[in-house]
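Each chain, letter by letter, is given below.
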Amino acid sequence: MATATRRNATRRNAARRNAVRTATPIAPRRTPEARPTAPVALGLALAVLATLVWSGSFVTSRALGDSVPPVQHAFWRWVVALAVVAPFGARPAWRQRALIRRHLGFVVLASLLGVTVYNTLVNQAGVTTPAANMGMIMAASPVLMALYERAGGVRLGARRIAGLVVACAGVLLLVGGDGASFSAGDLWMIAAACCFGSYSALLRRRPEGLDGAGFLFTTFLVGTVLLLPAQGVSLAVQGGFHPTPGTVWPLLYVGVASSAVAFFAWNKAISLIGPSRAGVVYYLQPVCVALLSWALLAEPTGWAQAGCMALILGGVVLGAGARR
């Protein structure tokens, strides 16, 4: 009798456990394919925004090449950018001053590459190099971003690599076509492309917890301070430029849109999708620059360039998708 009672009790306990399992739904195991796509879409949109805005800054650098010395162009750009970002970034930067001090080497290097050197080199190239060439040469920077990320142990995936190759082939054909004739200023642009690629890769190592607006304000401030000696030499040797609507409005554009807006968008895009995927989107830049330089500066663009641009766009669409 006792044995039968124990058996009945065991059956009842088993029935209760089965009922609990049936009533409690088991959450599906998250897989890499099930990750939300909203951050990726936002990151791609921000990368496109930054790329479009920066395309205009290459045209501006070319347009101001004869009227504003390159260093002064860069200096006033960042002064304007500081004034725009300060209401949003100064307070967070002050609150996180201890964190910034702990990572001062990182902050100084990011400021030097992304603010002080990069844009000064672009402006110097704009003195002698057509805007379309500037955009095409800058398209080399995504390759450097991908190499940095791969060296850091990130698997790029076959689709991403294929997109890079296709877009890079379009850029090489564009550079080698009839519309591209290299000048000495192209060397400045090659150096600028290396700076920007290194800066973008460096953003992946931004200290955790550092506010985005505070980081932007800090790099703008440090980069402007680092430009001060070169600004003094430029004023002493070349003299200042004469402020006119033709110089002030372009400087406001590069200070507000190309610096404050575009750098914030790009930095956020890097944090969401990584430098290699954002770098594929950056291949849109030579297309945008060529179209803007044709429309605003009357620089020539032919059918060969249009075909290469289509190849670049195809590579961007292919490589900006999910990693696989």
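These numbers were taken from a predicted model, which means no experiment stands behind them.

Details of the overall build of the protein chain
For the protein chain, the helix and strand inventory stands at 13 helices and zero strands. The contacts in the protein chain between residues at least 6 apart in sequence include a share of 92% that link residues at least 24 apart. Looking at the protein chain as shown, the accessible area adds up to about 16,100 Å², and 68% of this sits on carbon and sulfur atoms.

Focus: helix H9 (residues 185–202)
Taking 1.5 Å per residue, 18 residues should reach 26 Å; H9 reaches 26 Å between its end C-alpha atoms and fits that length. Counting buried residues along H9, 13 of its 18 residues qualify, which places the element largely inside the surrounding structure.

A word on a nonpolar patch on the surface
On the surface, Leu 104, Val 108, Leu 109, Leu 112 and Leu 226 cluster together into a nonpolar patch covering about 360 Å² of accessible area. Among the elements that make up the nonpolar patch, the one with the highest residue count is helix H5 (residues 104–125) (four residues).

A short note on the packing of aromatic side chains
This model, assessed by the stated rule, comprises eleven aromatic pairs. Centre to centre, the rings of Phe 220 and Phe 263 are 6.0 Å apart; their planes meet at 85 degrees, and the pair counts as edge-to-face. In this pair, Phe 220 is assigned in helix H10 (residues 212–238) and Phe 263 in helix H11 (residues 245–282), connecting sequence segments 43 residues apart. Comparing Phe 220 with Phe 263, the two get one shared label, buried. Clustering of aromatic rings is evident, with ring pairs tying together Trp 54, Trp 78, Tyr 118, Phe 196, Tyr 199, Phe 220, Phe 263 and Trp 266. The ring centre of Trp 78 lies 5.0 Å from the NZ or CZ of Arg 77, which sits over that ring. In this structure, Arg 97 is placed above the aromatic ring of Trp 94, and the distance from its NZ or CZ to the ring centre is 4.1 Å.

Examining the side chain of Asn 119
Mapped onto the secondary structure, Asn 119 falls in helix H5. Classification of Asn 119 by relative accessible area gives buried; the value is 3%. Polar contacts involving the side chain of Asn 119 include one to the main-chain carbonyl oxygen of Gly 114, which spans 3.4 Å.

With respect to the confidence of the model for the protein chain
In this model, the protein chain carries a mean pLDDT of 77, and residues with pLDDT of at least 70 account for 71%. Ranking the helices and strands of the protein chain by mean pLDDT puts H10 first, with 93, and helix H1 (residues 2–23) last, with 54. Note that residues 22–34 has pLDDT below 50 and, in this model, two contacts with residues that lie over four places away or in other chains.

Digging into the nonpolar core
Core analysis: the largest hydrophobic core is formed by 60 residues, its most contacted members being Phe 58, Tyr 118, Met 138, Met 189, Phe 220 and Trp 266. Ranked by residues supplied to this core, first place goes to H11 with twelve residues. Leu 64, Val 68, Phe 241 and Val 254 belong to the second largest nonpolar core, which has five residues in total.

Some points on the environment of Ala 132
Looking at the secondary structure, you find Ala 132 in helix H6 (residues 131–138). Sequence separation between Ala 132 and Val 59 is 73 residues; the distance between their C-alpha atoms is 8.3 Å.

Examining the packing of H5 against H10
Remark: H5 packs on H10, axes separated minimally by 8 Å, with the N-to-C direction vectors making an angle of 60 degrees. If you check the angle between H5 and H10, you find them oblique. Along this stretch, H5 crosses H10, giving a crossing that reads as right-handed. Note on element contacts: H10 touches H5 through Phe 215, Thr 218, Thr 219, Phe 220, Val 222, Gly 223, Thr 224, Leu 226 and Leu 227, opposite Phe 106, Val 107, Val 108, Ala 110, Ser 111, Leu 112, Val 115, Thr 116 and Thr 120. Across the contact of H5 with H10, the residue classes break down as eleven nonpolar, seven polar and no charged.

Let's talk about the side chain of Thr 247
Examined against the element boundaries, Thr 247 turns out to sit in helix H11. By relative accessible area, which is 5% here, Thr 247 ends up buried. Not counting chain neighbours up to four residues away, the residues in contact with Thr 247 comprise Leu 64, Ser 67, Val 68, Phe 241 and His 242.

Remarks on the packing of H6 against H9
Packing of H6 against H9 leaves a shortest axis separation of 9 Å and a crossing angle of 40 degrees. As the angle between them shows, H6 and H9 are arranged oblique. Judged by the sense of rotation from one axis to the other, the crossing of H6 with H9 is right-handed. Side by side, H6 and H9 meet where Asn 133, Met 134, Ile 137 and Met 138 of the first sit next to Asp 186, Met 189, Ile 190, Ala 192, Ala 193 and Phe 196 of the second.

About the criteria used
Residues numbered from 1 in each chain as written. Predicted model: local features only at pLDDT ≥ 70, side-chain atom pairs only at ≥ 80, totals over all residues. Heavy atoms only, no water. Helix = DSSP H or I, 4+ residues; strand = E, 2+ residues; numbered from the N terminus. Contact = heavy atoms within 4.5 Å. Areas by Shrake-Rupley, 256 points an atom, 1.4 Å probe, with all protein chains shown as cover. Expected span 1.5 Å × (residues − 1). Buried < 20%, exposed > 50% of the residue type's maximum accessible area, 1.4 Å probe, protein only. Patch = residues over 30% accessible without salt bridge, like charges linked within 9 Å, V, L, I, M, F, W, Y side chains within 5 Å. Salt bridge = Lys/Arg side-chain N within 4 Å of Asp/Glu carboxyl O. Phe/Tyr/Trp six-rings, centres within 6.5 Å; stacked < 30°, edge-to-face > 60°. Lys NZ or Arg CZ within 6 Å of the ring centre and 35° of its normal. Polar contact = N/O pair within 3.5 Å; in protein donor to acceptor, adjacent residues only side chain to side chain. pLDDT = per-residue confidence, 0-100. Core = buried A, V, L, I, M, F, W, Y, C linked by side-chain atoms within 4.5 Å. Axes fitted to C-alpha atoms, helices over the stretch in contact; angles between N-to-C directions. Parallel < 35°, antiparallel > 145°, perpendicular 65-115°, else oblique. Left-handed = near helix turned anticlockwise from the far one by under 90°. Nonpolar A, V, L, I, M, F, W, Y, C, P; charged D, E, K, R; others polar.

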